[in-house]
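# A structural walkthrough
Here's the letter readout for the chains.
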Amino acid sequence: MRLSLLLASFLLVAGVRATVTLQPQIPSIQSFSPDPFGRTFILTPETHILVDVQYASNRGSQFSGPTLLHFAETFRRDLIELTSFSVPPVQIVPLSTSIFNHSPTVVLTLGSLSSHTLYSGSATVEGYDFSISNTSYVISGSGPIGAWWGTRTLLQQLVLSEHGDNGTYNLPVGSGTDSPGWEVRGFMLDVGRHWYTADFLADVCAYASFFKINELHIHVSDNLWIPSLLYGPDWHSLYSGFRFQPPPGSLVYGLVPYRNESWPYTDFARMQTRCAQYGVTVIPEIDTPGHSLVISQWQPQLMLNGTPDSLNLTHPETIPAIQSIWAQFLSWFSSNEVSIGADEYSSSLADAYISFINEMSSYVGGMSGKGIRVWGTYEPSNTSSISTNVTIQHWDFPGASIPVSLLDSGYRVINSEQAFLYLDGKIPAEGGFPQTLNLSLLFSGASAQGGGWAPNVFTASDPGNNTVHNNPGLRGAIFALWNDWGPNATTPLETYYQLSQSLAVFAEKTWTGSGVRSSELTIEQFQVAYPLLNAQAPGQNLNRAVKSMKEGDVVYAFESVPYFPFHTGVDSVGPPYTLSFSVRPTAADVQTTGNTTAARLFEGTDSALYASSLTFACNAEYYPLPPVFQLEPDVWTNITIRATREYTYATVIREGVDSVTYRYQTTLNIWGDYLTQANMSFAAPSETIGSPGFKGNVAHVVLCIG
């Protein structure tokens, strides 16, 4: 993959002009014209980052978003992380006089907005031009966010391109231009049925940004769907979640069922700001009047009789209660749009439903100036229709809810069609939505002719239900990861494993599309570039990689542990890994009643391991080995825990007893119809060995990669 520069050097020595070009990256670049002489820009530790003084404080269309200078400072941190260079602080300079004062130089400036357009023909602030000479790399965005995306291109090329012998990076001289095809390129995460910390979501934003994804849609309220509970006398006990935490004294204070699983304003604001620093806008969704069990549990009088997950829109207190929720939280959000959900409500109540959406559009707009989005379900009515000011997020084809009809009627549409874009937190053996986006489907399975998917493709079987790539009402696409099976089905890192490749392929298809640009990636090019980019995406370490370590390397080894708790300095290690140790617990350490979490053997950022039933803990959920297993008190037992991204298992050896291997699994309740088992993957709890509550002994601890 990195032979192009070596070949160029050979051709130059031979007196032949050579063309060196950029490596295929994700998403693909619109166009690049390389220098015919094969010259290169060499990025070294002496590289300076300059920001054009004329535009340093420009925020573009996001009045509360990062300035060009802010983006430059984040880029510098990422550059240091990726290269280990001691890059000097960002300088603000007059572009005309300072660009050549230092060599090499990366320059961020702004150009003409009108020079970059989406496929619809609308101007976009997300475009950028870049010009590479042998001494400078100049990025000129149509807005600050466009310049930011230009820095992602530069960083990806550093990962993919030729490295010099002295640790420098070589990039080809030339010039290019790039713009997204669509304005909305996002992913939705169901946080209503699964708790995630704000810091985890911020890390996911940083990762997604590396591939020019620009929206994180958070579905913050929902409930499990187990009909025997939901529609029976115990409906109030069914799990539901609401993740924004109102302050004490708020009129909606009682709305949140699990305050330890909700974000106070400071946590949410920190996450939202960090996402914005990486060019990702957080779109909050509070789903009503369906999927609203959490509101019915708070105010039972508001529910539709017999269906606790639906609200009665004709009750005089219902809409004021919903508006009081939005009134509490609207000021938290920096986005210019929010989603009110409006998903899966009874079609027999179409008129009340449509009136509600239009009233909420006016309410939210009047309170905050923000627009609203709703999930696209068809509600038959002969007397009313949803305002065309409302964006419809299409996800299915019930009845006559056909996206092309909505577009023809003047609606703006976002494509979230489930046949292509729905994932679920775990896939039961019996089938269901996949865990990752299907590469073959998106690259060559979206039409009978082998065409690839793009936001203008809603179905693979009926071309008449698709539209053209440049339809002015088509805003883009959002893929969705649902947590239908609840909070115990996955760990947050398992969610990242689902998202990691999905975000990258989705980025290619929403930035470039299919069959529009000659520069679009092939599946083979994607598969070459993705592993390298995934491993080095800056701003986060969701792979929980240990720097400079490869498979087979020992992270640490301790023949004995001198005291508890013993801190190793290694926060967490992602799979694949092997953790082996010997343990001799006391009877109190392995008790199965009372406080079973006092005797902690290991703990890290993402997980903990307890002596009782060798239980893994993660994200406030507990995963013991099968009941037939228990450590024997006052006896040494050798344990080996191995993990991949698909499973974790423990091999147990006691003196005089054959080894036994157990898998860590969780129980999934599938729509209340049956229970099934699913494997769990845990990061190694590597930071602390032992705890004050553990009274036994631990020895022969070895943690290695692979």
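Presented here is an overview of the structure given in this document. Within any chain, residue numbers begin from 1 and follow the written order of that chain's sequence. Local features in this predicted model are restricted to residues whose pLDDT is 70 or higher, and side-chain atom pairs enter the listing and the counts only when it is 80 or higher, whereas totals over whole chains, interfaces and linings include all residues. Side-chain metrics in this entry use all non-hydrogen atoms of the structure; hydrogen atoms and water are not considered.

The salt bridge criterion pairs a side-chain nitrogen of Lys or Arg with a carboxyl oxygen of Asp or Glu, the two atoms within 4 Å. Taken as a whole and judged by the stated rule, the model has 21 salt bridges. A salt bridge links Arg185 to Glu126, with the shortest nitrogen-to-oxygen separation between them at 2.7 Å. Here the residue Arg185 occupies a position in strand S10 (residues 184-190), and Glu126 occupies one in the loop between strand S5 (105-110) and strand S6 (128-132), the gap between them amounting to 59 residues. Taken individually, Arg185 and Glu126 each receive the classification buried, so the pair is uniform in this respect. For Glu215, the salt bridge identified is with Arg373, shortest N-O distance 2.9 Å. Within this pair, whereas Glu215 is found in strand S11 (residues 215-219), its partner Arg373 is found in strand S18 (residues 371-376), the two being separated by 158 residues in sequence. Only protein chains enter the calculation, and the probe is 1.4 Å; a residue is then buried if its accessible area is under 20% of its type maximum, exposed if over 50%, and partly exposed in between. According to the relative accessible area criterion, Arg373 is buried, its value standing at 0%. A cluster of three or more residues bridged by salt bridges with shared partners is formed by Glu183, Glu215, Glu337, Arg373 and Arg475. Secondary structure counts use DSSP, requiring at least four H or I residues in a row for a helix and at least two E residues in a row for a strand, with both numbered from the N terminus.

Now for the environment of Pro565. Checked against the element boundaries, Pro565 lands in the loop between strand S23 (554-560) and strand S24 (566-567). A sequence separation of 360 residues divides Pro565 from Cys205, and the C-alpha atoms of the two residues are 33 Å apart.

What follows covers the pairing of strand S34 (residues 674-679). Relative to S34, strand S33 (residues 665-670) is paired through six bridges, and the arrangement is antiparallel. If you follow Gln665 over to S34, its bridge partner there is Asn679. Only strands joined by at least two bridges in the DSSP assignment are considered to pair.

Alternating residues of strand S9 (residues 174-178) divide into Gly174, Gly176 and Asp178, all buried, and Ser175 and Thr177, none buried. In the sheet, strand S1 (residues 31-34) pairs with S9 via four bridges, with the strands oriented antiparallel. Looking at the pairing, Ser31 lines up with Thr177 of S9. One ladder, built from five bridges, connects S6 with S9; its direction is antiparallel. Pairing of Tyr128 across the sheet is with Asp178, part of S9.

Moving on, we come to the packing of helix H5 (residues 198-209) against helix H7 (residues 265-277). Interaxial distance between H5 and H7 falls to 9 Å at its minimum, and their mutual angle equals 5 degrees. The pairing of H5 with H7 is recorded here as roughly parallel in orientation. Of H7, the residues touching H5 (which contributes Ala198, Asp199, Leu201, Ala202, Asp203, Cys205 and Ala206) are Asp267, Arg270, Met271, Arg274 and Cys275. Each residue belonging to the contact of H5 with H7 can be placed in one class, and the counts come to seven nonpolar, no polar and five charged. Axis definition: a line fit to C-alpha positions, over the contact stretch in the case of helices; interaxial angles, taken between N-to-C directions, run 0 to 180 degrees. Angular relationships are summarised with four words: roughly parallel below 35 degrees, roughly antiparallel beyond 145, roughly perpendicular across 65 to 115, and oblique for the angles in between. Contacts are residue-level and defined by heavy atoms, with any inter-residue pair within 4.5 Å sufficient. Each residue gets one of three labels, nonpolar for Ala, Val, Leu, Ile, Met, Phe, Trp, Tyr, Cys and Pro, charged for Asp, Glu, Lys and Arg, and polar for the others, Gly among them.

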